[in-house]
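# An overview of the molecular structure
Here's the letter readout for the chains.
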Amino acid sequence: MTATLEPTTTVLPPLRLGALTVDPAVVLAPMAGITNPAFRTLCREFGAGLYVCEMITTRALVERSAKTLQMVRATADEKDAFSVQLYGVDPATVGRAVEMLVDEGVAGTRPAHIDLNFGCPVPKVTRKGGGSALPWRRVLLRDIVRTAVRAARDVPVTIKTRIGIDADHVTYLDAGRIAQDEGAAAITLHGRTADQLYSGTADWSPITRLVEAVDIPVLGNGDIWEADDALRMVAGTGCAGVVIGRGCLGRPWLFGDLAAAFAGRPSRALPTLREVAAIMHRHATLLSEEQGELHGCTDFRKHVAWYLKGFSVGSDTRRALAMVSGLGELAGLLAGIPDQPYPTGVLGAPRGRTSTPRPVSLPEGWLADRDDPRPPTGAELEVSGG
């Protein structure tokens, strides 16, 4: 399952977030419908790091939404490193949500780390002033981060953001200084503006500039498809760690590659189709244990194309796998596909959602006053997960 590449001398030290040590300095980005307990468990079986749950909406948490309380729970193997990302636009609501997590141990687990989402580019979020639109209102950003850090006490708080709304409304340097001044433990920067969504190629140069501008750790995010991309990002930007999103879709073994890369080992995983099939079944089994077999296998369907990307699999079999509803059915379909080596042609290629650039939807008058401290009206989402 491994291939040897040229040795590298790049070794990344552990990431320190308050009392929490992340070794290797690799973080799984929250992804709606993806980073549930099953997927986090699967990824952790391949390599250590920090594995963040799906985005939790502060309003839904404060109102004790049953779905949200179900989402904000740790697996058995992450009790000491449970990581939560919160979305919120109102300092009071964010503060109350953090207090619930830290003081009450909602769903039985006290998080070891809390991240604040200021990077979501989705129109339904930005048109209300949330996500990657919010850092433009720097006083409001300051108030949210300040309130969260104070409420979290000994739990490290980080923030994640983008370069800005667009090329004319850049926010990441102000966001970094605010995060540092208000006691955040680190900041993650995705190398795109909000209007780019997931189009084109991520620009890593702002990550370099942010590293030079702040003293807290900067984590790099955007277009890390292979472990060697992570090495290039660290070497080129000086960032203290990497955040992995779409690159691990259908490839949870990427975290093993990243652990090897940051330890200076040259090995990289190139699983055969038979080995990928075993991982697929393991993933579906974990989802079934969590949700029941029918719902678990139904949830697994969206992962099939990612796992089989580049492999020679007949269209009838792909179609059947995309409609699978039981573990036995899944095992039978996978067993009928001839084994084959990993398709190296897909290495380094984008995965997951793509898009074309488009203007960012914003509340009326949002750009008029950067120092307006008022939370946007009606921006608090009712449902967690994005």
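Scoring rules and cut-offs
- Residues numbered from 1 in each chain as written.
- Predicted model: local features only at pLDDT ≥ 70, side-chain atom pairs only at ≥ 80, totals over all residues.
- Heavy atoms only, no water.
- 1 Å grid on protein atoms, 1.4 Å probe; cavity = no way out; pocket = protein on both sides within 12 Å on 5 of 7 lines; lining within 4 Å.
- Points joined across faces, edges and corners; volume = space filled by probe spheres on them.
- Helix = DSSP H or I, 4+ residues; strand = E, 2+ residues; numbered from the N terminus.
- Nonpolar A, V, L, I, M, F, W, Y, C, P; charged D, E, K, R; others polar.
- Phe/Tyr/Trp six-rings, centres within 6.5 Å; stacked < 30°, edge-to-face > 60°.
- Buried < 20%, exposed > 50% of the residue type's maximum accessible area, 1.4 Å probe, protein only.
- Lys NZ or Arg CZ within 6 Å of the ring centre and 35° of its normal.
- pLDDT = per-residue confidence, 0-100.
- Contact = heavy atoms within 4.5 Å.
- Axes fitted to C-alpha atoms, helices over the stretch in contact; angles between N-to-C directions.
- Parallel < 35°, antiparallel > 145°, perpendicular 65-115°, else oblique.
- Left-handed = near helix turned anticlockwise from the far one by under 90°.

### Describing empty space enclosed by the protein
Tallied over the full model, the rule gives three cavities of 30 Å³ or more. A volume near 100 Å³ is recorded for the largest cavity. Of all elements in the fold, only strand 4 (26-28), strand 8 (113-118) and strand 9 (157-162) reach the threshold of two or more residues within the lining of the largest cavity. The residue makeup of the lining of the largest cavity, split by class, is nine nonpolar, four polar and two charged.

### As for the packing of aromatic side chains
Following the criterion strictly, the structure yields four aromatic pairs and no others. Judged by centre distance (5.1 Å) and plane angle (65°), the rings of Tyr51 and Phe255 are edge-to-face. Of the two residues, Tyr51 is situated in strand 5 (residues 50-51) and Phe255 in helix 10 (residues 254-262); the sequence distance between them amounts to 204 residues. Consider the rings of Trp253 and Tyr342, whose centres lie 6.0 Å apart with planes at 90°: the pair is edge-to-face. Residue Trp253 is located in the loop between strand 14 (241-244) and helix 10, and its partner Tyr342 is located in the segment after helix 15 (327-335); the two are separated by 89 residues in the primary sequence. Of the two residues, Trp253 and Tyr342, neither departs from the other in class, the shared state being buried. Of the aromatic side chains, those joined through ring pairs into one cluster are Trp253, Phe311 and Tyr342. Positioned above the aromatic ring of Trp366, the side-chain terminus of Arg137 is 4.0 Å from the ring centre. The lysine or arginine in question, Arg162, covers the ring of Tyr198, its NZ or CZ lying 4.9 Å from the ring centre.

### A closer look at the confidence of the model for the chain
Of the residues in the chain, 95% have a pLDDT of 70 or more, and the chain-wide mean is 93. Confidence drops under pLDDT 50 across residues 2-9; counting only partners more than four residues distant or on other chains, this segment forms 16 contacts.

### What about the packing of helix 4 (residues 91-104) against helix 6 (residues 138-152)?
In the contact formed by helix 4 and helix 6, the axes pass within 8 Å of each other and the chain directions differ by 20°. In terms of axis orientation, helix 4 runs roughly parallel to helix 6. When the axes of helix 4 and helix 6 are compared, the crossing they make is right-handed. Where helix 4 approaches helix 6, its residues Pro91, Val94, Gly95, Val98, Glu99 and Val102 are matched on the opposing element by Leu140, Asp143, Ile144, Thr147, Ala148, Ala151 and Ala152. Its residues assigned to classes, the contact of helix 4 with helix 6 shows nine nonpolar, two polar and two charged.

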